[in-house]
Amino acid sequence: MVAQISTGGNMFGALAYNQNKVDSEEAKVLFSNRMLLSEDGNFSIGECMRSFEMQMPVQLSTKKPILHISINPHPEDVLTDQQLSDIAREYMRKLGYGDQPYLVYKHTDIDRHHIHIVGLRVDENGRPLNDRFEHRRSKQITRELEQKYNLHPAEKKARTERPELKKVDYTAGDVKHQIGNTVKAACYGYRFQSFGEYKALLATYNICAEEVKGEVNGKPYQGIVYSATNDKGEKVGNPVKASRIGKSVGYEAVQRRMEKSGEAIKNGKLKERTRKIVADAVRNTRSRKELERELKKQGIDVVFRQNDSGRIYGVTFIDHDSRVVLNGSRLGKEFSANVFNDLYSDVQTGQTENVAPQRGQGQDFTQQPHTAARLPVSGLGGLFGGSSIGEEPPQDTAGQKRKKKKKRTRRIE
């Protein structure tokens with residue numbers, strides 16, 4: 001069992017996160033402690049906010065009076081609602097928050113059911129309760145609970161545990177459930193900054209994601225539709241609206257995930273590892289097939305996209321160790337689609353390597369002079385809109401063209 005503790009100052013955000021799960025039938029309230037709420041568990045965020053506010057001291061000596069804890073049993077431990085409630089209650093009591101107002105939610109959005117606890121961490125004078133060595137004490141408490149309830153020790157597993165991602169197999173049936181499990185694991189297990197990167201990630205697991213836009217009663221709407229594909233990337237069966245899977249993988253949720261991913265990638269410098277490995281692989285391989293094979297050894301999948309004429313207009317790297325998805329241009333101009341198109345095609349003779357979205361199908365160029373050696377890689381590149389929603393365009397965007405036109409006009413004047 002693993003417990004994760006976070007503190008903050010935004011009560012509404014913590015409640016909204018859990019209530020959204022409840023609204024999409026991916027969570028429910030197990031019980032509340034010292035809260036002025038109805039006993040049936042049917043209450044709104046507003047009611048919860050009022051209950052907490054009534055017990056929140058006027059004067060606070062901390063900027064983070066809110067407590068948000070998730071308790072995650074081992075995947076092989078299947079617990080009843082009563083057992084989860086007992087564990088939550090005992091955990092909070094031993095950690096020193098037993099007399100605090102808090103709410104306990106059970107989340108079922110992934111196969112491993114777990115609980116979230118939202119509460120206050122300050123006393124009646126606005127001072128934080130004793131949180132000294134809190135994380136160390138939390139680990140000791142979870143070990144005691146594992147022994148008491150005969151649970152699997154999950155602490156070691158948590159360090160390497162990753163969301164379960166499986167290729168969708170249309171022939172196996174229950175496609176909606178397969179798509180749902182994989183999409184949820186991909187959306188919250190990886191970081192990506194554009195819809196194109198999200199699509200590339202899902203494509204490797206036989207899922208096609210498409211944006212849909214329209215208008216209902218004069219109001220515009222945007223959504224996502226997911227479809228199963230075969231190993232050739234062809235859609236099979238009926239598409240599934242994101243709303244049928246859950247709000248957690250809907251248009252707005254994916255947008256929020258992209259924003260948060262951008263901050264995490266920048267602050268954590270998460271693309272540095274990927275850039276170094278890709279640079280070494282490009283330098284030491286002689287064909288696309290060799291590149292894919294070398295990157296695969298390093299835990300990175302590469303997805304190339306081409307138009308009908310065979311030109312590579314998009315390349316995306318999926319780093320399964322760093323759990324990041326990066327369009328080539330994010331790594332630098334030398335990793336953009338135009339560079340790889342020049343690397344793996346012979347423009348003068350019109351011979352172009354067959355680039356498909358599936359991995360490991362590249363043509364071998366080992367009998368030709370090493371293409372990379374003939375190209376000034378640092379000087380090539382062609383930037384494309386990797387940070388915008390959609391795929392990378394093979395040429396300058398309209399905005400870039402306007403900027404260039406303005407620059408030329410100023411020079412003439």
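S.K.: Sorry if this is basic, but what is going on with the overall build of the chain here?
M.R.: Across its full length, the chain holds 14 helices and 13 strands. Looking at the chain as a whole, 47% of its 413 residues qualify as buried. Looking at the chain alone, contacts between residues at least 24 apart form 67% of all its contacts between residues at least 6 apart. Working note: accessible area of the chain is about 22300 Å², and carbon and sulfur atoms make up 47% of it.

S.K.: Looking at this model, I keep getting lost on the packing of aromatic side chains. Mind explaining?
M.R.: Think of a pair of aromatic rings as described by two things: how far the centres are apart, and how the planes are tilted against each other in angle. Evaluated as defined, the whole model comprises eight aromatic pairs. Look at Phe 192 and Tyr 198: their rings are 4.7 Å apart centre to centre, the planes differ by 20 degrees, and that puts the pair in the stacked class. Judged by its relative accessible area of 0%, Tyr 198 is buried. Ring-pair connections join several aromatic residues into one group, and the members of that group are Phe 192, Phe 195, Tyr 198 and Tyr 226. Positioned over the ring face of Tyr 188 is Lys 21, at 5.6 Å from the centre of the ring. Looking at Arg 89, its charged tip hangs above the ring of Phe 31, at a distance of 4.1 Å from the centre.

S.K.: Hey, could you run me through the packing of helix α1 (residues 11–23) against helix α2 (residues 45–55) in this one?
M.R.: Put simply, α1 and α2 touch, their axes get as near as 10 Å, and they point 145 degrees apart. The chirality of how α1 crosses α2 is right-handed. Side by side, α1 and α2 meet where Met 11, Phe 12, Leu 15, Ala 16 and Gln 19 of the first sit next to Ile 45, Cys 48, Met 49 and Phe 52 of the second. Here the residues of the contact of α1 with α2 are counted per class, giving eight nonpolar, one polar and no charged.

S.K.: What is the right way to look at the sheet that holds strand β2 (residues 27–33) in this model?
M.R.: Within a beta sheet, neighbouring strands are joined by backbone hydrogen bonds and run either parallel or antiparallel to one another. Sheet architecture is open: five strands sit in the order β1-β3-β5-β4-β2, paired in antiparallel fashion. A strand with exactly one partner marks an edge of an open sheet, and here the two such strands are β1 (2–8) and β2. Recorded for the sheet is a direction-independent mean angle of 20 degrees between the axes of neighbouring strands. In this sheet, strand β5 (residues 114–120) lies alongside strand β4 (residues 102–107) in antiparallel orientation, the contact comprising six bridges. The partner of Tyr 102 across the bridge, within β5, is Gly 119. Strand contacts of helix α3 (residues 81–95): β1, β2, β3 (66–72), β4 and β5, with the helix running at about 45 degrees to β2, the strand carrying the most contacts.

S.K.: Teacher, can you tell me more about α3 here?
M.R.: One turn of the α-helix equals 3.6 residues, which is why residues spaced by three or four share an orientation. For α3, spanning 15 residues, the distance from its first C-alpha to its last is 21 Å, which sits close to the expected 21 Å at 1.5 Å a residue. When α3 is considered as a whole, its buried residues turn out to be Leu 84, Ser 85, Ile 87, Ala 88, Glu 90, Tyr 91, Met 92 and Leu 95. If you follow the buried residues of α3, they end up packed against β1, β2, β3, β4, β5 and α4 (134–148).

S.K.: What is the right way to read the sheet that holds strand β6 (residues 207–216) from this model?
M.R.: With respect to topology, three strands assemble into an open sheet ordered β6-β7-β8, the strand pairing being antiparallel. Only two strands of the sheet have a single partner each, and these edge strands are β6 and β8 (235–241). Going across the sheet, the axis of each strand differs from the next one's by a mean of 30 degrees, ignoring polarity. Sheet strands in contact with helix α6 (residues 175–189) are β6, β7 (219–229) and β8, and its direction is about 105 degrees off that of β7. With respect to the sheet, helix α9 (residues 251–267) is in contact with β6 and β7, its orientation differing from that of β7 by roughly 85 degrees.

S.K.: Help me understand the nonpolar core in this model?
M.R.: The tendency in soluble globular proteins is for nonpolar side chains to be buried as a group. Counting residues in each nonpolar core, the largest one holds 30 residues, and the members touching the most others are Ile 179, Val 183, Tyr 198, Leu 202, Ile 224, Tyr 226 and Val 254. Among the secondary structure elements, those contributing two or more residues to this core are α6, α7 (195–203), β6, β7, α8 (242–245) and α9. Here the element with the most residues in this core is α6; it accounts for six residues.

S.K.: So what exactly am I meant to see when it comes to the environment of Gly 328 here?
M.R.: Secondary-structure assignment places Gly 328 in helix α12 (residues 328–331). In this structure Gly 328 comes out as buried when scored by relative accessible area, which is 0%. Sequence separation between Gly 328 and Gly 314 is 14 residues; the distance between their C-alpha atoms is 7.7 Å.

S.K.: In this structure, what is going on with the pairing of β2? I would like to understand it.
M.R.: Most of β2 is tucked away, with five of its seven residues classed as buried. Relative to β4, β2 runs antiparallel, the two being bridged by six bridges. For Phe 31, the partnering residue across the bridge sits in β4 and is Val 104.

S.K.: Mind showing me how you'd approach unusual backbone geometry here?
M.R.: With the exception of glycine, the majority of residues adopt a negative phi angle, and the majority of peptide bonds are in the trans configuration. In this structure, Arg 34 is a non-glycine residue whose phi angle is positive, near 55 degrees. Examined against the element boundaries, Arg 34 turns out to sit in the loop between β2 and α2. At Asn 150, a residue that is not glycine, the phi angle is positive and equals roughly 55 degrees. With respect to the helices, strands and loops of the structure, Asn 150 is situated in the loop between α4 and α5 (155–160).

S.K.: Would you take a moment to explain the packing of α6 against α7 for this structure?
M.R.: Two measures define how a pair of helices packs: the angle their axes make with one another and the distance between the axes. For the pair α6 and α7, the least separation of the axes is 10 Å and the interaxial angle reads 130 degrees. One element, α6, and the other, α7, form an angle in the oblique class. As α6 runs across α7, the sense of the crossing is right-handed. Residue-level contacts link Val 183, Ala 186 and Cys 187 of α6 to Tyr 198, Leu 201 and Leu 202 of α7. Looking at side-chain class alone, the contact of α6 with α7 contains six nonpolar, no polar and no charged residues.

Rules behind the numbers
Residues numbered from 1 in each chain as written. Predicted model: local features only at pLDDT ≥ 70, side-chain atom pairs only at ≥ 80, totals over all residues. Heavy atoms only, no water. Helix = DSSP H or I, 4+ residues; strand = E, 2+ residues; numbered from the N terminus. Buried < 20%, exposed > 50% of the residue type's maximum accessible area, 1.4 Å probe, protein only. Contact = heavy atoms within 4.5 Å. Areas by Shrake-Rupley, 256 points an atom, 1.4 Å probe, with all protein chains shown as cover. Phe/Tyr/Trp six-rings, centres within 6.5 Å; stacked < 30°, edge-to-face > 60°. Lys NZ or Arg CZ within 6 Å of the ring centre and 35° of its normal. Axes fitted to C-alpha atoms, helices over the stretch in contact; angles between N-to-C directions. Left-handed = near helix turned anticlockwise from the far one by under 90°. Nonpolar A, V, L, I, M, F, W, Y, C, P; charged D, E, K, R; others polar. Pairing = 2+ DSSP bridges. Expected span 1.5 Å × (residues − 1). Core = buried A, V, L, I, M, F, W, Y, C linked by side-chain atoms within 4.5 Å. Parallel < 35°, antiparallel > 145°, perpendicular 65-115°, else oblique.

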